[in-house]
Amino acid sequence: MATADDGQLLGPMKADLLSDLSAEQRADLAARMGLALEEDLDVNHAVRAILERQALILGFDREVLAELLAWGGCHVEAGATNFRMVAEICRITSMRVGGLSNRALLTLARLREAEVGRYPDREELIRALKRQESLRGKFERKRRRLVGKLVAKLIGETPAPPPPDTGERPLPGIREQIEQLGLVGGLAGRIRGAADDYISVKLDEIERRIDRKLDEIDLRLAEWRDQEIANRLRILKFTLVASVIVAVISLIYAWLKTALGM
Amino acid sequence: MHLFDLYRRLLVIVLGVYTVIRLTQGTLRLAARLRGSSRRRRVLRGYVAVLALRMRVRRFAAELIQIAGLLILLGLLLYAHGLIME
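Model, not experiment: these values are computed from the prediction. (Residues numbered from 1 in each chain as written. Chains lettered and ligands numbered in written order. Predicted model: local features only at pLDDT ≥ 70, side-chain atom pairs only at ≥ 80, totals over all residues. Heavy atoms only, no water.)

A. How the structure looks around the overall build of chain B. Summing up its helical and strand segments, chain B has three helices and zero strands in all. Listing the helices and strands of chain B from first to last along the sequence gives α-α-α. A total of 86 residues make up chain B; the buried ones form 14% of that total. When the accessible surface of chain B is split by element, carbon and sulfur atoms take 69% of a total near 7,000 Å². (Helix = DSSP H or I, 4+ residues; strand = E, 2+ residues; numbered from the N terminus. Buried < 20%, exposed > 50% of the residue type's maximum accessible area, 1.4 Å probe, protein only. Areas by Shrake-Rupley, 256 points an atom, 1.4 Å probe, with all protein chains shown as cover.)

B. Molecular detail of the pattern of salt bridges. Residues and elements named next belong to chain A. What the rule picks out here adds up to 15 salt bridges over all chains. For Asp28, the salt bridge goes to Arg32, with nearest N and O atoms at 2.9 Å. With Asp28 and Arg32 both in helix α2 (residues 23–32) and four residues apart, the pair spans about one turn of that helix. As a salt-bridge pair, Glu77 and Arg84 come within 3.3 Å of each other at their nearest N and O atoms. (Salt bridge = Lys/Arg side-chain N within 4 Å of Asp/Glu carboxyl O.)

C. Highlighting helix α8 (residues 135–154) of chain A. Residues and elements named next belong to chain A. Look at α8: 28 Å from first C-alpha to last across 20 residues, which is about the 28 Å you get at 1.5 Å a residue. When we look at burial in α8, the residues that qualify are Arg141, Arg144, Gly148, Val151 and Ala152. For α8, the angular spread of the buried residues around the axis is 95 degrees, confining them to a single face. Among the exposed residues of α8, those oriented more than 90 degrees off its buried face are Leu135, Arg136, Phe139, Leu146, Leu150, Lys153 and Leu154. On the buried face of α8, the contacting elements are α9 (174–259). Once α8 finishes, Gly156 follows within two positions and takes phi at roughly 75 degrees, a positive value. (Expected span 1.5 Å × (residues − 1). Arc of directions from axis to C-beta. Contact = heavy atoms within 4.5 Å.)

D. How the structure looks around the layout of surface pockets. Approximately 1,500 Å³ is the volume attributed to the second largest pocket. Around the second largest pocket, the lining is made up of 37 residues, and of these Glu228 and Arg232 of chain A together with Arg22, Leu23 and Gly26 of chain B lie nearest the centre. Top element by residues in the lining of the second largest pocket is helix α1 (residues 3–34) of chain B. It accounts for 17 residues. Split by residue class, the lining of the second largest pocket holds 24 nonpolar, six polar and seven charged. (1 Å grid on protein atoms, 1.4 Å probe; cavity = no way out; pocket = protein on both sides within 12 Å on 5 of 7 lines; lining within 4 Å. Points joined across faces, edges and corners; volume = space filled by probe spheres on them. Nonpolar A, V, L, I, M, F, W, Y, C, P; charged D, E, K, R; others polar.)

E. Structural view of a negative patch on the surface. Residues and elements named next belong to chain A. Together, Asp204, Glu207, Asp211 and Asp215 make up a negatively charged patch on the protein surface. Relative to the helices and strands, Glu207 resides in helix α9. The exposure class assigned to Glu207 is partly exposed, which follows from its relative accessible area of 48%. (Patch = residues over 30% accessible without salt bridge, like charges linked within 9 Å, V, L, I, M, F, W, Y side chains within 5 Å. Lys, Arg positive; Asp, Glu negative; His and termini not counted. Charge placed at Lys NZ, Arg CZ, Asp CG, Glu CD.)

Okay, structure coming up:
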């Protein structure tokens, strides 16, 4: 399988296909795998870098990728490939990596091309991830964090207390969203999230109403069926009662006829 | 032919004809409504089958017992009738 349709990378691509792509397409493909290709890199080196990255992604544990997705508040469809999951993880710019497991930290470090040793410990991984961030990136993130703080204060959002240990990352607040996506992106994400929540609540409500209505219809049909059967049985009973009455009269008549010798 | 014989024969003819006509009519109407290969018809067929299977005989137990009692009584009367006629 080797395709990248609708902007979603589904699987690895072979070297000859990668060579046929334009430099922009290759750079775009590499970016979706968390790989930044230098502009002056020749085709062979670029293809080799992408192939190496593909091999790395194929080796990732899906559980760890799922942990990273949950940590970043991202969602992918069930049965998504490693490539699809990685494409989502690469969009996460958060540096709040404290809650991640060691395996997730190592995977994230490899994806972000942080320089780590062969068997790094937790502190080394976190240090490497922080070191890998460029000065400009760090400055931008701090700026966004400040803006996020200001906006959160402005709208009166207080950071939610950490939930009991459920293993799930709490939903990001406006502060975290602006820190990750910038002011416009964060606000847009927030509004989209609120709209999504509203729609999903409404859809659930509609589903419940439809279920209730279907149950009602089912109940009415069952009652109608029972009523029909009861009516038929009643008619049968009346016919039998009439037959018994006529039989009794006939029996008396026949007995009288015999007794009187008629 | 005495009274009971007349009643019995008339009842068999009238009820027999009525029952056959109504049953045939009902069956044909139901078959026409359920016939077809569309998904809607298939679901409807399944639902009718489920509705029939979900019927509880216990709900009509009282009526059925009364009908059984009346049938036994009628059988006894017919038997008694036969004895007298002999």
